[in-house]
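Listed below are the residues making up each chain.
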Amino acid sequence: MKRKHREELPITERELNGLTADLDDAHHESLPQMRESLADWDTESVEDDGAFVRLVRGTASRRGFLLGTGAFLGGAALVAAGGGQAMAFASTPAGRNALSPQAKKLTGDLAVVALAASLENLAVATYQSGIQAANAGHLGAVPPAIVTFAMTAQSQHRDHAAAWNAVLSAAKKPKVTGVDLTVKNSVIDPAFAQVTDVTGLAKLALELENTAAATYLAAIGVVKSPAGVQTAATIEPVEEQHGAILNFVLGQYPVPNSFTPTTGARPTSDQIG
Amino acid sequence: MSIDDRQLTELIEQSQDTHSDAMRQSRESLPDLVEIGRAARADGEVDTTPSGVVRPVVLGGGALAAAGLGAAFTALLATPAFATASKDVQILQTAASIENLAVATYQTALTLDFIGGASANPVVKAFAMKTMSQHADHAMAFNAAVAQLGGKQQHQPDPTLLNVVNQAKAGLTGPGPVVDLAIELENDAAATYVKDVSALSNKDARNTTASIMGVEAQHAAILYAVKALLAGGAAGLIALPPNVAQLPAAAGSVGFPNSFYPTQGARPATEGASK
């Protein structure tokens, strides 16, 4: 990503990097804790009984997605430009190797695990597309804070995807390397094709973050495995934090709700591939 | 300071509309608690305290004393069943106690000129006010859940965190220490609820708690960003909308330091439970 040149910098990078050094350490300290939680899945013999399917039965259409998550595209004056090219990564994801047939066979808690992994993969791919679009100069000037946001958020989504896939592996199921095709095809691809600047990209990212958080919140209500609930619970707040910073960057109040909603949660009927 | 007060007010009003929708959603998860709570309660009296009241909490060394050993003893005698309150009720009471403390802490912070007075950053002041209101909503929700499970509502602050706040009070001489304290409280609250959701046996209690944990995490994220900007001498960049082009690179990631929310700061389930 190209960083926008700044004539006036009221704070040094060294100062802020120093401030965040401890936080980086904290990030790494949280991983062992997560691995411990994942080990619990293994010993619990994750159930596969279909109780989960009712979790997020909902509209899989683009209209439903948009209505559920704020319909941000409706008022945006986005003009098509280079986004389509930038989206090439997400259009040809590693999902070609995804195990969609197997994923479709999963029921119960594991169906939600697969859905979660596919949403995380989609987030990783979408941020990658954004980074590539920025590098290609399709988004205009890109502020440095946006660069670090995109790269850090992408890294964390990659960690989340790995966590969910570890659950699948522990349950002797194939990993999900594909993305949520339902969301990608009906929402992300059309929207990304119209993204011409950082603001448009941030809005799209916010929708993805809200959707992931809502899905986890819904999952917490139906997952049977305590370790599954714990895994979702440690990830959902992180997606909410991504959303808070994106809201702030977009000039919107960063903590809009006293209670986070499940509106926009994805159903396990979403296609993965 | 580049801020349009009218725009900020409008944003908060929009946020309140959304908040009302979210409140309705939270309330929807509460009714099912009633029957389960009745079944879970083997004996004892039902607390009939009206729900939805967040009572003022006095911060200071005498807060617990003010509550009074005598009063506490009377309460204990009046509600013997709660000595053996269910685990879920204890968890929810502790959660309410954390929220009560948060409300009181923000309330106190807003009395400081550099947080709620003339010299305050308008965005910081608005954030403190809105956050205090959201914590009050959380306290109400937890107490409503407690009541519906047949427990005694908790209107006192978490005693351990109260000590933390009281010890910090003398050092609250500028925005930085206040933000530090707020981060600690928000992180502890979020960590507690992250841990609680897998410990709660009642599904509706779990859903209510889950819908709150992310909000505390969001508070922490914004506070981390504010802390970084204050520490870097860039208080002028704390604005809504911000001058994104001027924000330092680290500001983009300082708000979410962990891929997985840590639970090390989680408060014990019984810490704020009614005695």
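(A) Representation of the overall build of chain A within the structure. Helix and strand content of chain A: 10 helices and 0 strands. In chain A, which comprises 273 residues, the share counted as buried stands at 57%. Of all intrachain contacts in chain A linking residues separated by at least 6 positions in sequence, the fraction that spans at least 24 positions is 88%.

(B) The overall build of chain B, seen in detail. When you go through chain B residue by residue, the secondary structure sums to 10 helices and 0 strands. Scanning chain B from its N terminus toward the C terminus, one meets helices and strands in the order α-α-α-α-α-α-α-α-α-α. Buried residues in chain B amount to 54% of all 275 residues. Considering only contacts in chain B between residues 6 or more positions apart, those separated by 24 or more positions represent 83%.

(C) Representation of the packing of helix 5 (residues 87–109) of chain B against helix 8 (residues 159–169) of chain B within the structure. All names here are of chain B. At a closest axis distance of 9 Å, the pairing of helix 5 and helix 8 adopts a crossing angle of 20 degrees. With respect to helix 8, the axis of helix 5 lies roughly parallel. Read as a crossing pair, helix 5 and helix 8 show a hand that is right-handed. Across the interface between the two elements, Ile98, Leu101 and Thr105 of helix 5 pack against Leu161, Leu162 and Val165 of helix 8. The residue inventory of the contact of helix 5 with helix 8, partitioned by class, reads 5 nonpolar, 1 polar and no charged.

(D) How the structure looks around the nonpolar core. A:Ala114, A:Ile220 and B:Ala225 are the most contacted members of the largest nonpolar core, which totals 147 residues. At 17 residues, helix 6 (residues 108–135) of chain A tops the list of elements feeding residues into this core. Excluding residues that lie within four positions of it along the chain, B:Ala225 makes contacts with A:Ile245, B:Ala251, B:Val254 and B:Gly255.

(E) Molecular detail of the packing of helix 9 (residues 198–220) of chain A against helix 10 (residues 226–249) of chain A. All names here are of chain A. Remark: helix 9 packs on helix 10, axes separated minimally by 8 Å, with the N-to-C direction vectors making an angle of 155 degrees. Regarding the angle of helix 9 to helix 10, the classification is roughly antiparallel. Remark: the crossing between helix 9 and helix 10 carries left-handed chirality. Contacts between helix 9 and helix 10 involve Ala202, Ala205, Leu206, Glu209, Asn210, Ala212, Ala213, Tyr216, Leu217, Ala219 and Ile220 on the former and, on the latter, Val229, Ala232, Ala233, Ile235, Glu236, Glu239, Glu240, His242, Gly243, Leu246, Asn247 and Val249. Looking at the contact of helix 9 with helix 10 residue by residue, the class counts come to 15 nonpolar, 4 polar and 4 charged.

(F) The arrangement of helix 6 of chain A in detail. Its 28 residues place the ends of helix 6 of chain A 41 Å apart at the C-alpha level, agreeing with the 40 Å of an ideal helix rising 1.5 Å per residue. Most of helix 6 of chain A is tucked away, with 25 of its 28 residues classed as buried.

(G) Looking closely at unusual backbone geometry. That bond from B:Leu240 to B:Pro241 is cis: its omega, 0 degrees, falls within 30 degrees of zero. With respect to the element layout, B:Pro241 can be found in the segment after helix 10 (203–231). At A:Lys172, a position not held by glycine, the phi torsion is positive, near 65 degrees. Taking the number of C-beta atoms within 10 Å as the measure of exposure, A:Lys172 has 8 and is therefore exposed.

About the thresholds
Residues numbered from 1 in each chain as written. Chains lettered and ligands numbered in written order. Predicted model: local features only at pLDDT ≥ 70, side-chain atom pairs only at ≥ 80, totals over all residues. Helix = DSSP H or I, 4+ residues; strand = E, 2+ residues; numbered from the N terminus. Buried ≥ 20, exposed ≤ 12 C-beta atoms within 10 Å, placed from the backbone. Contact = placed C-beta atoms within 7 Å. Axes fitted to C-alpha atoms, helices over the stretch in contact; angles between N-to-C directions. Parallel < 35°, antiparallel > 145°, perpendicular 65-115°, else oblique. Left-handed = near helix turned anticlockwise from the far one by under 90°. Nonpolar A, V, L, I, M, F, W, Y, C, P; charged D, E, K, R; others polar. Core = buried A, V, L, I, M, F, W, Y, C linked by C-beta atoms within 7 Å. Expected span 1.5 Å × (residues − 1).

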